[in-house]
Amino acid sequence: MRTMQFSKVKGDKNQHKVVVYALSTCVWCKMTKQYLKDNGVEYEYIDVDLLNEEDKQKIRQEIQSKGGSLSYPTTIIDDKVVVTGFRKDLLKEALGI
Amino acid sequence: MTPITIEQVRKRAEADAQTYGYHLVPDPDLLQGLLEGLKINEDRYGYPSCPCRLASGNFDYDRDIICPCDYRDPDVAEFGACYCRLYVSKDVYEGKVPLPTVPERRPLEKQSKAFAAPPPAEAKPAAEEKEEFVKVGPKLWYCKQCGYVVFRDDPPYVCPICKAKREMFAQIKARIDFLG
């Protein structure tokens, strides 16, 4: 399903699969990425606004299929836990940081 | 067209906040980030769509999320801030209430429509049309929604009469002939 390029950010804490769906224009998305990075969490992200129409559509289906709502940032942890928005508290809890 | 500057985006937001009794988010980094997002969107789409929402690039589908978005007023009233949190209430501004998290109020159908929207076709001719107009100095602008007319450098951000957005303003091409 995935053909588009997710950017990978390396980190010591790599026991969870963390995917951030973001917008390049969104300050809260930037803060989410920064927060994960600062805490050494390995994650991958994609800036949805920079994709072509077809890929946007794919991402939309991907987010919704995992129970996410179409707001950004949406962080999906281990394909199960969905965090909508920059929520330090929820990320902390889900990632044990 | 010269691209809009961050300062212009900031001034516009400040003026709008003042007019409607809101405040801009006090955290300077957050504010800067939001204004930068608005600027990027304005450069990219030709209108300042919400930096925290995915725009389609089609003006008609994005109309409701052009900042200040249609959801700002109910969101500030209910939560103390708009969705992206650029605009906040007095209590949030003064630190009496923490900056809230604001759920998305925009109906999913609107988003779905925007997602499926074809690439913008009409954006270009509109821009070209603008080029023909006088570039400097005050001009006549009219609100396509209510007919309000104003003579100034740029159209108002919001129509003071009917609250239509800036995009509803068009320039009036006037010619004065002196005869006899």
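Note that the structure is a prediction, hence the values are computed from the model and not measured.

Asker: Got a minute to help me understand the overall build of chain B in this structure?
Answerer: Helix and strand content of chain B: seven helices and five strands. Reading the secondary structure of chain B in the N-to-C direction produces α-β-α-α-α-β-α-α-α-β-β-β. A sequence separation of at least 24 residues applies to 49% of the contacts in chain B between residues at least 6 apart. Summed over its atoms, the accessible surface of chain B is roughly 10000 Å², and 56% of this surface lies on carbon and sulfur atoms.

Asker: Explain the environment of Ser7(A) to me, please; I cannot follow it from the model alone.
Answerer: Mapped onto the secondary structure, Ser7(A) falls in strand β1 (residues 7–9). The spacing of Ser7(A) and Met31(A) is 24 residues in sequence and 16 Å in space, taken between C-alpha atoms.

Asker: Would you mind showing me how to read the confidence of the model for chain B here?
Answerer: Close inspection of predicted coordinates is inappropriate in any region flagged by low pLDDT. Residues and elements named next belong to chain B. Here chain B averages 86 in pLDDT, while 87% of its residues score no lower than 70. Between the elements of chain B, mean pLDDT differs from a low of 47, seen in helix α7 (residues 123–131), to a high of 98, seen in strand β1 (residues 23–24). Confidence over residues 119–131 falls short of pLDDT 50; this stretch has three contacts with residues more than four positions distant or in other chains.

Asker: Explain the sheet that holds strand β5 (residues 81–84) of chain A to me, please; I cannot follow it from the model alone.
Answerer: Sheets are built from strands that pair by backbone hydrogen bonding, the pairs being arranged parallel or antiparallel. Residues and elements named next belong to chain A. If you trace the five strands from one edge of the open sheet to the other, you get β1-β3-β2-β4-β5, paired in mixed fashion. The sheet terminates laterally at β1 and β5, the two strands that pair on one side only. Strand after strand, the sheet turns through a mean of 20 degrees between neighbouring axes, direction not considered.

Asker: What exactly am I supposed to notice about the pattern of salt bridges here?
Answerer: Side chains bearing opposite charge may pair, as long as their charged atoms lie close to each other. Within the structure shown, the criterion is met by 23 salt bridges over all chains. The partner of Lys17(A) in a salt bridge is Asp79(A), with the nearest N and O atoms 3.4 Å apart. Taken together, the residues span a long stretch of sequence, with Lys17(A) in the loop between β1 and β2 (18–22) and Asp79(A) in the loop between β4 (74–77) and β5 at a distance of 62 residues. What makes Lys17(A) partly exposed here is its relative accessible area of 37%. A salt bridge links Glu78(B) to Arg105(B); the shortest N-O distance between them is 2.9 Å.

Asker: Got a minute to help me understand the sheet that holds strand β5 (residues 169–171) of chain B in this structure?
Answerer: Residue and element names in this part refer to chain B. Here three strands make up an open sheet; going across it, the order is β4-β3-β5 and the pairing antiparallel. The outermost strands of the open sheet, each flanked by one partner alone, are β4 (149–152) and β5. Neighbouring strand axes in the sheet, compared pairwise and without regard to direction, differ in orientation by 30 degrees on average. Looking at chain direction, strand β3 (residues 139–143) and β5 are connected through three bridges and run antiparallel. Opposite Trp 141, over in β5, you have Gln 171 as the bridge partner.

Asker: Which parts of the structure should I look at to understand the nonpolar core?
Answerer: It is characteristic of soluble globular proteins that their nonpolar side chains tend to be buried jointly. One finds Tyr21(A), Val48(A), Ile59(A), Leu86(B) and Tyr87(B) to be the most contacted residues of the largest nonpolar core, which totals 66 residues. Here this core gets six residues from one element, more than from any other, and that element is helix α2 (residues 28–45) of chain B. The residues contacting Leu86(B), other than those within four sequence positions of it, are Ala13(B), His23(B), Leu24(B), Val25(B), Leu31(B), Leu34(B), Leu35(B), Leu38(B) and Cys67(B).

Asker: What's the story with the interface of chain B and chain A in this structure? I'm lost.
Answerer: Interface size is commonly expressed as the accessible area that is lost once the parts come together. Tallying the contact residues gives 23 residues for chain B and 19 residues for chain A. Between chain B and chain A, roughly 1800 Å² of surface is buried when both sides are summed, and carbon and sulfur atoms account for 58% of that area. Across the contact surface, chain B and chain A share one salt bridge. The interface formed by chain B and chain A holds four residue pairs in polar contact (both at pLDDT 80 or more) in total.

Asker: Sorry, what's going on with the domain arrangement of chain B here?
Answerer: Residue and element names in this part refer to chain B. Splitting chain B by domain gives domain 1 (6–121) and domain 2 (133–171). Of note, the centres of domain 1 and domain 2, computed from C-alpha atoms alone, are 21 Å apart. On the domain 2 side, the residues contacting the 13 residues of domain 1 number seven residues. Note on domain 1 versus domain 2: buried area summed over both sides is about 810 Å², and carbon and sulfur give 55% of it. Our enumeration of links across domain 1 and domain 2 arrives at one salt bridge. In this structure, the salt-bridge partner of Asp 70 is Lys 165, at a minimum N-O distance of 3.1 Å. Inspection of the domain 1/domain 2 interface yields five residue pairs in polar contact (both at pLDDT 80 or more). In terms of residue count, the dominant contributor to the side of domain 1 that touches domain 2 is helix α1 (residues 6–20) (three residues).

Asker: So what exactly am I meant to see when it comes to the pairing of β3(B) here?
Answerer: Moving residue by residue along a regular strand, the side chains alternate between the two faces of the sheet. Residues and elements named next belong to chain B. Burial along β3 is one-sided: the residues Lys 139, Trp 141 and Cys 143 are buried and none of Leu 140 and Tyr 142 is. Bridge count between β3 and β4: four bridges; the pairing is antiparallel. Across the sheet, residue Lys 139 finds its bridge partner in β4, namely Arg 152. The turn joining β3 and β4, which pair antiparallel and follow one another in sequence, is formed by five residues; a positive phi near 90 degrees is taken by Gly 147.

Quick notes on the rules
- Residues numbered from 1 in each chain as written.
- Chains lettered and ligands numbered in written order.
- Predicted model: local features only at pLDDT ≥ 70, side-chain atom pairs only at ≥ 80, totals over all residues.
- Heavy atoms only, no water.
- Helix = DSSP H or I, 4+ residues; strand = E, 2+ residues; numbered from the N terminus.
- Contact = heavy atoms within 4.5 Å.
- Areas by Shrake-Rupley, 256 points an atom, 1.4 Å probe, with all protein chains shown as cover.
- pLDDT = per-residue confidence, 0-100.
- Pairing = 2+ DSSP bridges.
- Axes fitted to C-alpha atoms, helices over the stretch in contact; angles between N-to-C directions.
- Salt bridge = Lys/Arg side-chain N within 4 Å of Asp/Glu carboxyl O.
- Buried < 20%, exposed > 50% of the residue type's maximum accessible area, 1.4 Å probe, protein only.
- Core = buried A, V, L, I, M, F, W, Y, C linked by side-chain atoms within 4.5 Å.
- Buried area = accessible area lost by both parts, 1.4 Å probe.
- Polar contact = N/O pair within 3.5 Å; in protein donor to acceptor, adjacent residues only side chain to side chain.
- Domains from an automatic or database assignment.

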